[in-house]
Amino acid sequence: MVKIEILDQKDTRSGFGAGLLELGRSNPNVVGLCADLTGSLKMDAFKKEFPERFIQTGIAEANMIGLAAGLATGGKIPFTGTFANFSTGRVYDQIRQSVAYSGKNVKICASHAGVTLGEDGATHQILEDIGLMKMLPGMVVINPCDYNQTKAATIAIADYVGPVYLRFGRPKWPVFTAPDQKFEIGKAWHINQGNAVSIFCTGHLVWKAIKAGEILAEMGIEADIINIHTIKPLDKDAVLASVAKTGCAVTAEEHQMNGGLGDSICQLLALNNPRPVEMVAVNDSFGESGTPDQLLVKYGLDTVNIVDAVKRVMKRK
Amino acid sequence: MTSKYTVNQLKDIANQVRRDIVRMVHAVQSGHPGGSLGCTDLLVALYFDVMDYKAKPFNMKGEDEDIFILSNGHISPVLYSTMARAGIFDVAELSTFRKLNSRLQGHPATHEHLEGVRIASGSLGQGLSVATGLALSKRMNQDPKTVFCLMGDGELQEGQNWEAIMFAAHNKVDNLIAFVDFNGQQIDGSTKNIMGFTEMKNKFEAFGWQTLDMDGNNMADVLSTLMQAKSMLGNGKPVVVKMKTEMGYGVDFMMGSHEWHGIAPNDEQLANALAQLPEAIGDY
C-alpha cells in the first residue's frame, strides 16, 4: 500500500471558494450566484473582489437556477451556490427544463452534501443528489475527495461547456491530494495498485478507503483503490480494467445505495463483466443529527465498513 | 426605429399567423390553439415592429439584440408561426409541428436547435427567471437592448414567478418588459374559479414594478402600449403589461371559454375557422 500523507485539514467547500476566486481572476465571464449562504459556500472572497459579478438571489433557489440559465444563454458561465439539498431536490424541474434539456452552461455547486453536514439533521443531509443529477441526460456529476481536488475541479469545470453538478461538503477533512493538480473530468485517479479487490470510492469516503487499504495491506490483502471523482461520465476503462484484474469490487460513498456511485459501477459490471460487488453506502434511510464522525459510524460509512465489505466480497469471488 | 409595416399590414400578418395556428393544430390533432390565438397580436407586433433583432443568422447569445422569452410554452404554435413568418426559419417547417423528428416540439425547445428558441419552456413558471438572467447578462455586457417575456395569468400561480418578481425589482432590472396574458382561463376552467387573482397591477406595483394596461387584441393599442413600455425602461424598475386578451381570439367558436385551451379542431371546424381568417401572405 502506497503511503498517503495528510497535508492539512480543510473543508472541501473552502476548496470550491478558492477555486472560484481564481476563476474570477482568470475568466471574466464567470459569475457567482448564491441563495443566502455566501459564508457557508465560501463565496465571500469572490463576492468581495468581483461584486459586479456576484448575484445574491435571496432564499429563492428556483429563481437562482433560472437566472443562471439566462446568464448562460447570454454567454456567462454561472456558478450557483447553495446546500446540496437545495441545489438539487428543491429545484429538480428547474434544472431539468431550463438547464439540462436546454443545454445551458451552468455549474451547480453544492455544499453540505451527505451526513457529514452533521447536527442540522436529515432535512439538510441530502443522500439522493448524485442519483437525481446523474439521471439527467448530459449532466456531468463530480464529487471530489478533498480541498485540493475540489479546488482543481472547480477550475476545470469552467473550461467544460455544458451543465455540471459539483458536490462537496462541510466538515474539515484530511487534505491528501496534490496542491495545484490538474483535474481531468471523467478520468479516475488510481490511488493504489493491487490484485485482491477493487475499491471504487468518491467524496469524503476516499480517505476512509485509503485507511481501509492500509488495514487490508497489514492483513496481506492488496487493494486496487480508485478514486472515481467523476461519477458521470464514468471512467469505464479504469473500472473494467481494475475488475478484470481483481475479480470483485467494493464501492464507497456518502450517498444512498440507490442511485449513487455503487449503482453506476454495478450497472457497468452487469453489462460487461458481472462480478461480485459490495456497497458501502446508506441503505434506504434518512440521516439524523449528530457529529459527522458519529453519523459515519452509525450509517455504516466508516473505515471498518469498507474493510468488512472487502472481506465479504472476496468470499464471493 | 421606424415601422416597416402599417397597422393594417400587421393585422393581415396576424390573420395569417392565426390561420397557421389552427392549421398546425388541426394537422396533428393536438396542441394549444386558444392561448396562441389570444397572444397573436402581441407576438406579431414584437417580431414585426417592436423588437430590434437579426432574423438570420440566429445567435443564441442575442448580443445587441432584443430578445423574447416565452414562458407559457404551450402556446408554441403562435411562437413558431410568428418566427417563421418573420424569416427566422422556413415556413414550410410549420407542417412538422409536433411530429416525430421535428424541430417544432410540442413545447419550445433548444434541444433540436430550432433557430429563435433560446430556452425550453412548458413546465410553467420558469421563463421570467430566465428572462431576468438574460437581462442581467445584457447589463453586465453594457448591451442596451431589451428582454421581453410573456407569461400566462394562470401561470402566476407558480411560486417561482414571485421569486423572480421580487428579485427583478430589488436588483433594478430595468431592461425587462414582462407581459401577463390576462385571458382569465386555464385548463380546468376560469382563473376566477380556480385561483382568484385580482389587483394584478397593485400587486406588481407593491413589489416595485411599473405597470401598464393593454388591449392585447387591438393592434393599435398593442403598438402604442409597447412604445410606452419601452419609454419606461432604464429608470430603475422593471415593467409589466397586463394584457387583456380573449382566448381563441379571431375564431368565434373558440372564444369565450377555456374549452379551446388544448384541443384541436376537426375538419369542419377548421374550415369554419379559416373562413373567418382571410389568407394574407400565403399559407405554408
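The rules behind these values
Residues numbered from 1 in each chain as written. Chains lettered and ligands numbered in written order. Predicted model: local features only at pLDDT ≥ 70, side-chain atom pairs only at ≥ 80, totals over all residues. Heavy atoms only, no water. Pairing = 2+ DSSP bridges. Helix = DSSP H or I, 4+ residues; strand = E, 2+ residues; numbered from the N terminus. Axes fitted to C-alpha atoms, helices over the stretch in contact; angles between N-to-C directions. Contact = heavy atoms within 4.5 Å. Buried < 20%, exposed > 50% of the residue type's maximum accessible area, 1.4 Å probe, protein only. Parallel < 35°, antiparallel > 145°, perpendicular 65-115°, else oblique. Left-handed = near helix turned anticlockwise from the far one by under 90°. 1 Å grid on protein atoms, 1.4 Å probe; cavity = no way out; pocket = protein on both sides within 12 Å on 5 of 7 lines; lining within 4 Å. Points joined across faces, edges and corners; volume = space filled by probe spheres on them. Nonpolar A, V, L, I, M, F, W, Y, C, P; charged D, E, K, R; others polar. Domains from an automatic or database assignment. Buried area = accessible area lost by both parts, 1.4 Å probe. Salt bridge = Lys/Arg side-chain N within 4 Å of Asp/Glu carboxyl O. Polar contact = N/O pair within 3.5 Å; in protein donor to acceptor, adjacent residues only side chain to side chain. Core = buried A, V, L, I, M, F, W, Y, C linked by side-chain atoms within 4.5 Å. Phe/Tyr/Trp six-rings, centres within 6.5 Å; stacked < 30°, edge-to-face > 60°. Lys NZ or Arg CZ within 6 Å of the ring centre and 35° of its normal.

Further remarks concern the sheet that holds strand β3 (residues 176-182) of chain B. Residue and element names in this part refer to chain B. As summarised here, the arrangement of the five strands in space is β1-β2-β3-β7-β6, forming an open sheet in which the pairing is parallel. Each having just a single partner strand, β1 (67-70) and β6 (210-215) make up the two edges of the open sheet. Geometrically, the sheet is characterised by an average inter-axis angle of 20° between neighbouring strands, direction not taken into account. As paired strands, strand β2 (residues 147-152) and β3 are joined by six bridges and run parallel to one another. Paired with V147 across the strands is L176, a residue of β3. Each of β3, β6 and β7 (239-244) touches helix α9 (residues 219-231); the most contacted strand, β6, lies at about 170° to it.

Attention now moves to the environment of A:K151. Residues and elements named next belong to chain A. Looking at the secondary structure, you find K151 in helix α7 (residues 147-159). The exposure class assigned to K151 is buried, which follows from its relative accessible area of 18%. Note: C-alpha distance between K151 and I228 (77 residues apart in sequence) is 16 Å. Once residues within four sequence positions are removed from consideration, K151 is found in contact with G15, A18, G19, E22 and D180.

The next subject is the packing of helix α3 (residues 61-73) of chain A against helix α5 (residues 127-140) of chain B. Remark: α3(A) packs on α5(B), axes separated minimally by 6 Å, with the N-to-C direction vectors making an angle of 45°. With respect to each other, α3(A) and α5(B) are oriented oblique. The hand of the α3(A)/α5(B) crossing is right-handed. Each of A:N63, A:G66, A:L67, A:A69, A:G70, A:L71 and A:T73 in α3(A) lies in contact with α5(B), whose residues at this interface are B:S129, B:V130, B:T132, B:G133, B:L134, B:L136, B:S137 and B:M140.

This part covers empty space enclosed by the protein. All names here are of chain B. With the rule as written, the count across this model stands at four cavities of 30 Å³ or more. Around the largest cavity, the lining comprises 13 residues; the ones closest to its centre are Y47, Y53, I88, G116 and R118. Residues of the lining of the largest cavity, tallied by class, amount to eight nonpolar, one polar and four charged.

The next point concerns the pairing of strand β4 (residues 77-83) of chain A. Sheet faces and side chains relate simply in a regular strand, where the side chains alternate between the two faces. Residue and element names in this part refer to chain A. Within β4, seven of the seven residues are buried, leaving the element largely enclosed by the surrounding structure. Pairing of strand β2 (residues 30-34) with β4, which is carried by five bridges, proceeds in the parallel orientation. Along β4, the bridge assignment pairs V31 with P78. Sheet topology places β4 next to strand β5 (residues 107-111); five bridges connect them, and they run parallel. Each residue of the ladder has a partner; that of T82, found in β5, is A110.

Residue and element names in this part refer to chain A. Here chain A is partitioned into domain 1 (10-175) and domain 2 (189-315). The distance between the C-alpha centroids of domain 1 and domain 2 comes to 25 Å. Summed over both partners, the interface of domain 1 with domain 2 buries about 2,600 Å², with 59% contributed by carbon and sulfur atoms. Interface area lost by domain 1 to domain 2 is led by L127, K134 and W173, which between them contribute 26%. Along the contact surface separating domain 1 from domain 2 lie one salt bridge. At the junction of domain 1 with domain 2, the criterion picks out 27 residue pairs in polar contact (both at pLDDT 80 or more).

In terms of nonpolar packing, the biggest core is built from 70 residues, with A:I95, A:M139, A:F200, B:L128, B:L176, B:F204 and B:W209 touching the most fellow members. Looking at this core, the element that brings in the most residues is α3(A), giving eight residues. If you count residues domain by domain, this core takes at least three from each of domain 1 (10-175) and domain 2 (189-315) of chain A. B:L176 has contacts with B:L128, B:A131, B:T132, B:A135, B:V147, B:A168, B:W209, B:L233, B:P238 and B:V239, leaving out every residue within four places of it along the chain.

For any pair of aromatic rings, the description consists of the separation of the ring centres together with the inter-plane angle of the planes. Summed over the entire model, instances satisfying the criterion amount to 16 aromatic pairs over all chains. When the centroid spacing of 5.9 Å and the interplanar angle of 80° are considered together, the rings of B:Y47 and B:F68 count as edge-to-face. Linking B:Y47 in helix α3 (residues 40-50) with B:F68 in strand β1, this pair joins segments that are 21 residues apart in sequence. Taken as a pair, B:Y47 and B:F68 share a single burial class, namely buried. Ring centres of B:F204 and B:W209 lie 5.4 Å apart, and the angle between their planes is 80°; on these two criteria the pair is classed as edge-to-face. Each member of the pair, B:F204 as well as B:W209, carries the same accessibility label: buried. Taken together, the ring pairs connect B:W162, B:F182, B:F197, B:F204, B:F207 and B:W209 into an aromatic cluster. One cation-aromatic arrangement involves A:K10 over A:Y147; the distance from NZ or CZ to the ring centre is 3.9 Å.

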